[in-house]
Amino acid sequence: MEGKPYSQRLLELEERFEQLEPLIPEGSEKEAMSVLHGIVQELWRHLRSGGPAPSTSALTLADIAELHRSAPPMEGEAQSTPLPVGAQAPDITLQDSNGRLVSLRDFGGQLVILIFYPLDWSPSCSDQLSLYQAESGEFARYGAQLLAVSADSIYSHGAWAAVRGLTFPLLADFEPKGEAARRYQVWRCADGFSERALYVIDKKGAIRYSYVSPKLSHVPDIYELYRVLDGLQARVHGAPQVAGRK
Amino acid sequence: MKAISIHRAGRCATHGERAAPTIAPIVVYGTSWCAATQAIRRHLDRREVPYHHFDIEKNPAAAARLRWMTGGSLRHPTVSVAGEVLVEPSLQEVDWALSRASLT
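The structure displayed is predicted, hence computed values, not measured ones.

Enquirer: Where do I start with the pairing of strand S4 (residues 144-150) of chain A in this structure?
Expert: When a strand is regular, its side chains alternate between the sheet's two faces. Residue and element names in this part refer to chain A. Taking burial as the measure, the seven residues of S4 include seven buried ones, the bulk of the element. Here S4 shows a buried face lined by Ala144, Leu146, Ala148 and Ser150 and a second buried face lined by Gln145, Leu147 and Val149. Alignment of strand S3 (residues 111-116) against S4, held across six bridges, turns out to be parallel. Of the residues in S4, the one forming a bridge with isoleucine 115 is alanine 148. The pairing of S4 with strand S5 (residues 170-172) spans three bridges and is classified as parallel. Across the sheet, residue serine 150 finds its bridge partner in S5, namely alanine 172.

Below you can see the structure in the form of structure tokens.
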């Protein structure tokens, strides 16, 4: 293979570079070496990408999907305590991006992962929901339905879902604004949007997991969510976890 | 590559508590709350590509190493693939690097 010798050589050089780090005294010279290394890596990455320079004239769909990266940050500590595990999940009925009414009770007999996120288009939310989209096959193996809720309108949801390729329902907690989030104790009154929160609701409508991110910018750990789903699976089937997750 | 058996599909074995290793073919530096880090780790899981993972908030040595390799940046995720250091790469960039290094 063409890449093998280069790869092996680069690996060896990187290994040597890494081993030198603790041997060099802190200071501007060390910093300069580190910066130079960073420059070399970025140049190499740019050359390897091989594409033309990005156009500055026309905004593409991909540019719009990435707008969240240059958007103002969303910061703030959690202000809410979620409903406790064991409580009955309050029913909610909200419009999806197609204007259809969707109720939690429509999914009775099914595991539901209820996602409250602050706002469409915002930092963290964009990556969080794309992550769940990529994991949709895995959630389906657990028989879990994803429902995502924010205070945005159905039109914002529709545009955002189209740009990011989201296929699970985005529900509009728009009017009365934040009513669903209030029922789940995750509304942030002063901000006008919800906490970043997760609920796992079992087939009987009981809350089996509730979580509010300690910071708005923090996305819940998906490995933790899988541990929860594995635990529920084990409780139902006596099996340790879904076999062979990918 | 088979000898580097840290993370496998569906498992979460280290959470960055390991001592700093010598460089591995694939290392993911990130945090447990970063969606992009999670996306890359799950991508590697799905492809059954073994990798080391370091939580830079829990592992100061890994954070220092990351800073050293990137010219002072602690941006995450950063993925090192056979010596190529990719700061906040797309999944496609990771796949390209894996392919160049014949790791898939």
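Enquirer: Help me understand the interface of chain B and chain A in this model?
Expert: In many reports, interface size means the accessible area that the parts give up when they come together. Taken together, the contact between chain B and chain A spans 41 residues of the former and 44 residues of the latter. For the chain B and chain A pair, buried surface summed over both sides reaches about 3,700 Å², with 55% attributable to carbon and sulfur atoms. Between the two partners, chain B and chain A, sit four salt bridges. Here Glu135(A) and Arg46(B) are joined by a salt bridge, their closest N and O atoms 2.4 Å apart. The tally of links from chain B across to chain A stands at 18 residue pairs in polar contact (both at pLDDT 80 or more). Within the residue set of the side of chain B that touches chain A, elements represented by two or more residues are helix H1 (35-46), helix H2 (60-70), strand S4 (84-87) and helix H3 (91-100) of chain B. Sorting elements by how many residues they give to the side of chain B that touches chain A places H1(B) first, with eight residues. Partitioning the side of chain B that touches chain A into residue classes produces 19 nonpolar, ten polar and twelve charged.

Enquirer: What is the right way to look at unusual backbone geometry in this model?
Expert: Note that the residue after Glu175(A), namely Pro176(A), is joined by a cis bond; omega there is -5 degrees. Position of Pro176(A) relative to the elements: it lies in the loop between S5 and helix H7 (179-183). Cis peptide bonds are those with omega within 30 degrees of zero, and the linkage from His76(B) to Pro77(B) qualifies with 0 degrees. Summarising the element assignment, Pro77(B) is placed in the loop between H2 and strand S3 (78-81). One non-glycine residue with positive phi stands out, namely Ser102(B), at about 55 degrees. Here Ser102(B) lies in the segment after H3.

About the cut-offs
Residues numbered from 1 in each chain as written. Chains lettered and ligands numbered in written order. Predicted model: local features only at pLDDT ≥ 70, side-chain atom pairs only at ≥ 80, totals over all residues. Heavy atoms only, no water. Buried < 20%, exposed > 50% of the residue type's maximum accessible area, 1.4 Å probe, protein only. Helix = DSSP H or I, 4+ residues; strand = E, 2+ residues; numbered from the N terminus. Pairing = 2+ DSSP bridges. Contact = heavy atoms within 4.5 Å. Buried area = accessible area lost by both parts, 1.4 Å probe. Salt bridge = Lys/Arg side-chain N within 4 Å of Asp/Glu carboxyl O. Polar contact = N/O pair within 3.5 Å; in protein donor to acceptor, adjacent residues only side chain to side chain. Nonpolar A, V, L, I, M, F, W, Y, C, P; charged D, E, K, R; others polar.

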